Amino acid sequence: MKNEDEQILSEEVSDGRIYLETCTPWQTNSSQMEDYKDTYKLEDEEEILQYNEYVIDEETKEILEMNTYIAFREEKILYGVAILDRDPEAYTVDEELYESIFGGDTYTLTVIADAGTEDETVYTKTASKGVEIDIYYLDEFESTLYTDPACTQELSWDDMDYTTDLTVYLKRVEE
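Not measured: the values here are computed from a predicted model. (Residues numbered from 1 in each chain as written. Predicted model: local features only at pLDDT ≥ 70, side-chain atom pairs only at ≥ 80, totals over all residues. Heavy atoms only, no water.)

Digging into the overall build of the protein
Summing up its helical and strand segments, the protein has 2 helices and 8 strands in all. Mapped in sequence order, the helices and strands of the protein form the string β-β-α-β-β-β-α-β-β-β. Expressed as a percentage of its 175 residues, the buried residues of the protein come to 27%. Taking as baseline every contact in the protein between residues at least 6 positions apart, the subset at least 24 positions apart corresponds to 43%. Surface accessibility of the protein: about 12800 Å² in total, with carbon and sulfur atoms responsible for 46%. (Helix = DSSP H or I, 4+ residues; strand = E, 2+ residues; numbered from the N terminus. Buried < 20%, exposed > 50% of the residue type's maximum accessible area, 1.4 Å probe, protein only. Contact = heavy atoms within 4.5 Å. Areas by Shrake-Rupley, 256 points an atom, 1.4 Å probe, with all protein chains shown as cover.)

Here is the structure:
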């Protein structure tokens, strides 16, 4: 999507790269604009411009790098940098965080629909202990959960502690 106010200031092609600089009035949310005006003591009518410097692959037209600057009163402040990284370092989850999420401090909710029939379907979801699991019902099933496969004993949500494994049952709405 092209910003109609955006102007191309310069364009150069070199070594398989396109170097492009554009300028447009800065468009941001009003609270961020107010923060800038307060920080830099800008008047309401002062224009703030956004400059973008792009490095683009000439063949694929992928943006490889983009630097964004905010400019006013002869000042140009670096606002953001984005660089395409085709070989990023693998993210490693902190061991303590991983253990707290997946390491035994969890419970599993199993929902069995149409128990004992050829249409029986089993759904499972695991969550950290103490975290409530939401259940979304399909229209063809009653919204009541049961504790037995025959669907005669209704589950009381007041008894849920969200810390121990639980199996519940759904029955199809009878037509």
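After that view, the rundown keeps rolling.
Side note on the pairing of strand S5 (residues 75-83)
Alignment of strand S4 (residues 63-72) against S5, held across 8 bridges, turns out to be antiparallel. Bridged to Glu65 within S5 is Ile83. (Pairing = 2+ DSSP bridges.)

Some remarks on the sheet that holds strand S6 (residues 106-113)
Note: strands within a sheet are paired through backbone hydrogen bonds, in either parallel or antiparallel orientation. Reading across the sheet, the 3 strands line up as S7-S6-S8 and stay open at both edges, with mixed pairing between neighbours. Edge positions in the sheet fall to strand S7 (121-128) and strand S8 (166-170), since each of these pairs with one other strand and no more. Between one strand axis and the next, the sheet turns through 20° on average, direction left out of account. (Axes fitted to C-alpha atoms, helices over the stretch in contact; angles between N-to-C directions.)

Quick word on the packing of aromatic side chains
Applying the stated rule across the entire model yields 1 aromatic pair. Against the face of Tyr51 rests Lys76, its NZ or CZ located 4.6 Å from the ring centre. Just above the ring of Tyr69 sits the side chain of Lys76; from NZ or CZ to the centre is 5.1 Å. (Phe/Tyr/Trp six-rings, centres within 6.5 Å; stacked < 30°, edge-to-face > 60°. Lys NZ or Arg CZ within 6 Å of the ring centre and 35° of its normal.)

Structural notes on the nonpolar core
Membership of the largest hydrophobic core is limited to 12 residues, which are Tyr107, Leu109, Val111, Ala113, Ala127, Ile133, Leu145, Leu155, Met160, Tyr162, Val168 and Leu170. Among the nonpolar cores identified, the runner-up in size contains 7 residues, and Tyr36, Leu42, Ile70 and Phe72 belong to it. (Core = buried A, V, L, I, M, F, W, Y, C linked by side-chain atoms within 4.5 Å.)

Comments concerning the pattern of salt bridges
Inspection of the entire model under this criterion finds 2 salt bridges. Across the pair Asp57 and Arg17 runs a salt bridge, and its minimum N-O distance is 3.5 Å. Taken together, the positions of Asp57 in strand S3 (residues 49-57) and Arg17 in strand S2 (residues 17-25) put the pair 40 residues apart, joining distant regions of the chain. Given the relative accessible area of 17%, Asp57 is considered buried. Among the salt bridges present, the one from Lys76 reaches Glu21, with a minimum N-O distance of 3.4 Å. One end of the pair, Lys76, is in strand S5; the other, Glu21, is in strand S2, with 55 residues separating them in the sequence. (Salt bridge = Lys/Arg side-chain N within 4 Å of Asp/Glu carboxyl O.)

Some remarks on a nonpolar patch on the surface
On the surface, a nonpolar cluster with roughly 450 Å² of combined accessible area is contributed by Tyr91, Val93, Leu97 and Tyr98. Of note, Tyr98 is situated in helix H2 (residues 95-102). (Patch = residues over 30% accessible without salt bridge, like charges linked within 9 Å, V, L, I, M, F, W, Y side chains within 5 Å.)

What about the sheet that holds S5?
Read from one edge of the open sheet, 5 strands run S1-S2-S3-S4-S5, paired in antiparallel fashion. Each having just a single partner strand, strand S1 (7-14) and S5 make up the two edges of the open sheet. Across the sheet, the axes of successive neighbouring strands diverge by a mean angle of 15°, strand direction being ignored. By the bridge criterion, 9 bridges tie S2 to S3 in an arrangement that is antiparallel. Residue pairing in the sheet places Cys23 in a bridge with Tyr51 of S3.

Concerning the confidence of the model for the protein
For the protein, the mean per-residue pLDDT works out to 83, and 89% of the residues sit at or above 70. Confidence, expressed as mean pLDDT per element, reaches its minimum in the protein at H2 with 72 and its maximum at S1 with 93. (pLDDT = per-residue confidence, 0-100.)

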